[in-house]
Every structure is written in structure tokens, then in C-alpha cells.
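An overview of the molecular structure
As a plain string of letters, each chain reads:
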Amino acid sequence: MSAHFVTDTRALLGRSLRHIARSPDTIVSTAIVPIIMLLLFVYVLGGAIRAGTGPYVNYLLPGILLVTIASGVGYTSYRIFLDNQSGIVERFRSMPIARSSLLWAHVLTTVVATLASLAVVVGVALLMGFRSGAGVLAWLTTVAVLTLFTLALTWLAVIPGLTATSMDGAVGFAYPLVFLPFISSAFVPTATMPGPVRAFAEHQPVTVIVDGVRNLLAEQPVGTDIWVALSWCAGLLVVAYGGAMLTYRHSQLR
Amino acid sequence: MSTGTAPAITIRGLEKSFADNHVLRGVDLEVAKGSIVALLGPNGAGKTTLVRILATLLEADAGTATVNGFDVATLARDVRASISLTGQFAAVDEVLTGRENLALMATLRHLPDTTAIADRLLALFDLTEAGNRRVATWSGGMRRRLDIAMSLIGEPPVIFLDEPTTGLDPQSRLEVWAAVREAAASGTTIVLTTQYLDEAEQLADRIAIVHEGRILAEGTLATIKALKPAPRIEYVERHPSLEEIFLALTAKDPS
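**Quick word on the overall build of chain B**
Assigned secondary structure in chain B consists of nine helices and ten strands. Scored against the burial criterion, the 255 residues of chain B give a buried share of 51%. Within chain B, residue pairs in contact and separated by at least 24 positions form 67% of the contacts whose partners lie at least 6 positions apart. Of the roughly 11600 Å² that chain B leaves accessible, carbon and sulfur atoms contribute 52%.

**Describing the interface of chain B and chain A**
Counting residues at the interface gives 31 residues for chain B and 24 residues for chain A. Of the roughly 2600 Å² buried where chain B meets chain A, counting both sides, 57% is carbon and sulfur surface. If you sort the residues of chain B by the area they bury against chain A, Leu57(B), Arg80(B) and Leu108(B) come out on top, with a joint share of 23%. Viewed at the interface, chain A and chain B are joined by five salt bridges. The partner of Glu90(A) in a salt bridge is Arg52(B), and the shortest N-O contact between them spans 2.2 Å. The interface formed by chain B and chain A holds eleven residue pairs in polar contact (both at pLDDT 80 or more) in total. For the side of chain B that touches chain A, the secondary-structure elements that each account for two or more residues are helix H2 (76-82), strand E6 (83-86), helix H3 (98-108) and helix H5 (140-152) of chain B. When residues of the side of chain B that touches chain A are assigned to their parent elements, the largest contribution, five residues, is made by H3(B). When grouped by side-chain class, the residues that make up the side of chain B that touches chain A number 16 nonpolar, six polar and nine charged.

**Some remarks on the sheet that holds strand E9 (residues 206-211) of chain B**
Residue and element names in this part refer to chain B. The strand order across the open sheet formed by six strands is E6-E7-E8-E3-E9-E10, and the pairing between neighbours is mixed. Where the open sheet ends on each side, the last strands, each with one partner, are E6 and strand E10 (214-220). Adjacent strand axes in the sheet meet at a mean angle of 15°, parallel and antiparallel pairs treated alike. Where strand E3 (residues 36-40) and strand E8 (residues 189-194) come together, five bridges link them in parallel fashion. Paired with Val37 across the two strands is Val191, which belongs to E8. The sheet contacts of helix H1 (residues 47-54) involve E3, E6, strand E7 (158-162), E8 and E9, and relative to E3 the element is tilted by about 135°. Sheet strands in contact with H5 are E6 and E7, and its direction is about 170° off that of E6.

Conventions and cut-offs
- Residues numbered from 1 in each chain as written.
- Chains lettered and ligands numbered in written order.
- Predicted model: local features only at pLDDT ≥ 70, side-chain atom pairs only at ≥ 80, totals over all residues.
- Heavy atoms only, no water.
- Helix = DSSP H or I, 4+ residues; strand = E, 2+ residues; numbered from the N terminus.
- Buried < 20%, exposed > 50% of the residue type's maximum accessible area, 1.4 Å probe, protein only.
- Contact = heavy atoms within 4.5 Å.
- Areas by Shrake-Rupley, 256 points an atom, 1.4 Å probe, with all protein chains shown as cover.
- Buried area = accessible area lost by both parts, 1.4 Å probe.
- Salt bridge = Lys/Arg side-chain N within 4 Å of Asp/Glu carboxyl O.
- Polar contact = N/O pair within 3.5 Å; in protein donor to acceptor, adjacent residues only side chain to side chain.
- Nonpolar A, V, L, I, M, F, W, Y, C, P; charged D, E, K, R; others polar.
- Pairing = 2+ DSSP bridges.
- Axes fitted to C-alpha atoms, helices over the stretch in contact; angles between N-to-C directions.

Scope: geometric values only; no functional claims are made or implied.
Below, the structure written as C-alpha cells:
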């Protein structure tokens, strides 16, 4: 790791945060699909769904937050692909700067933008009657879990950004991620699902993360759920980071 | 050429293939410190591949190359600290302003007082007026000048310019030529690639003709001119006459 890693990453992060600040539509467009789902599920389908004890929006929000993250990380692939298409990456790579700082800058930019989108979605949920009496610690834990999950998915999104040969390929990766919460406890309890689907739903990371966040916000005991959720996030992060770095090194000397 | 100082660039038997496409078939070249060398050749001759190897973006299959005394394969970091590369497409950030682009480069070169550096270069390349506008709104010639200005930051001893005027209109080309001369004025070694003989003539001390992965001839303009041009070079030669007509027709004043 280079001695300049922090200064280089900070400089490049400043660059891509400026990109976001100058076209904040990415933050809005990340939040739009989750907000539509929120409206659809609460006002159209919600009446017929029996889930949880309080208002359905309270049950629904954690899953919608994961949908928001899934739709936000795709922008990482988009920005990395765009950068690679222009000559600027070659310039950076022929300079004496820390090699991984460009990727870190892109990843941290996505994390910041996604957290902003999450705040927008929570704001809309509050208008729709979402309430939580959770304390500061529970909220902090929620933010930590969501940030870690974002970080893991973002590093995963780095890989198509580096390897895709077309813009469609680069951004296409994120679409399936948006549907992962559907096969989980995000929208309805898993108990009503048929055997194999239920088995998948109960053992995929979205369910533990959703359950953990839901319990945190509903002031319920989280038990070991939250640790399982954090382990999933951390494990995914390690794998995604390793894969992204390997792809990056490999793509450097083509 | 051998005046006692070590050459800025030494290339020996450099080879590079992509699958079964032998792009470089044994390149030998020496570039003296402070000189401007033009790699002249048509598309696909291997110019860009050669530059990418020298700039540590590609690994050679065989042969050696040193830049500023550092081997590109084993001392890539030192090479990167000694060079700057202006790629075939203007490597500028379009969302940022010209000033921000320059300041970013200065920060990444770990230099103090990035604002002063940006101001000085904007003035030097006649870009002060546009400096606070986003580069997306700039003309191709202005972007290229900014590109070259960005390459000067940190005063690297060797600068690579890959086809600095490709795709530019004749007027912008002249502006970029002025920028290259500005860059060379400080004694920097410049390696530029071009498809245009007149560009090589205008800018370079020495010309190396690259063809099918080899250097066919290398020397001063006079030496090169004494050689009978190969067919491909004739094709390149046609361009300037068209351009001279264009410039003559569009010139605002007779100077």
C-alpha cells in the first residue's frame, strides 16, 4: 500500500463526489423505484398482506431499504465503465498514485450517494406513517449494517464496471439484485412460501439483514440475528473486495 | 547524439503480441534528453502500443526499455514518477472545470499550492477565461491544450503525447503545436506519435518512422527526407496540402 493512499483517495473521492453533486439526479433516480414499491405495497397490496403487528409500512421499510441499496450500487459499474472509456484512467494509471485509490474513490462515492438515497426513502416512509421508537444505538446499528451491506454490494459492482465491454453489460448486473429482497422476508413472512423457495429465502443474506433491521427499528430483541447479518455483510465484503482487486490487477496489464 | 549524458529513453528489441497479432516486432530506439522525437506511422503501426509500454500500462513480451534510467518492467513506480502521458483521447474530466482538472493533477502529484499551479498553467495556455467553466463546454482544441497543460504538472522529465492533434480542426492543431512547443521549452523530453508528416516536421528534432511493429528509419528531418518514401508515407503526405488550402482560405489576415 502506498504512502499516499489516503491523500490520493481523498483527491479522487472529491472528484467523483463533485460529479454526483453536479448531477444529483442519480440520488433521486436511485430512490424512485424503492419509493414506487413502497407506495405500491402499502397502498395497493398492503391491505391484503398479513405481516407483523403494527402498520405494514413498518414491516416493509427494511426490505425497501435493501432494494434502494441494490439499485444504488449499479451506478458504481456505470461510473467505472465511463471512466475506463475516457482516457482519464490511463492518465491516472501512468501517474505515481496509489493503485487502488481510484477504485476506493468510486466505491466511497457510491456509499455516500446511497446513504443519501436511503435518507430520502426513509423520509418518504415517515410521511406514509412509518414510526419507530428505536433509540440512538439501534439507529446507529441499523446505519452500520446498511453501510456494510452497501460497501459489500458496491465492491461486487466494481467487477462488471471493470470487465464489461458495453454500458448495457456494465449496468445490467444490478437489476437482478433488486429482486433478491422479493425472495426473502422483506415483503411477506417466509412461512407461506413453498418448501424450496422458503429454504432459499430463509438462508439468503437479505432475510437475516431485513429481520435484523426490522427488529432493531421495532425495538424488539435482535438476538443473534444481527450478528448473522453482520457476518453475512462482512463475508460478502471480503469476497467482493478480493474479487474486485483481482480483476483490477488483471485488467491493468492487458 | 552521445554527448556523455545518458539517454532519456532506451529501447532494445521490444516485442509485443496480442493473440497472434504481432504488434511490435523488435523495436530499438534511443531518445536523447531534452529532445522531441516523433513516432511517425499509420494507424496500426504499433505507435500507441509502444507508448503504452513505455508508460507502464502494458508489459512487453520481450526486450527491454528504460525511461529516465528506470526499467519499465521492474521499476514501474519510478518510471511513473518520471513521466506523464497524454493519451489518444483527451484525458480530461469533463464534469470538472479546467481549473479543477489542473488542481486535481497537482494534488495527485502531491504538490503544494495547487491553486497557484492551476492559475499559472491556465495563463500559459491561454485558458484563463474558460478556466472556471466545465470542460464539457470547451472546444476540442481547448481540451487538448488543457490535456497538455495537465501533463506538465510536476515537471516530469519525459512526456508522451499520443496523437496530440488527431481529430482536431486545422486551427486547433496550430494551437496544440504551440502548446507542445511551450512544453518543450523547459527542456523536457517529448515523445509524440503522429500520422502526419508535417506535424513531425513542425515539432520534432528527430523522426522515427514506425511501420508494422518496427522502426524503419530514425534520424533528423534531413536524413529522413533523403530516404525514398514508402507508399504508406505518401498517403500521409497528402494531408498537409489539403490543410494548407483550408488554412489559406479561412485565414483572417495574411500573416
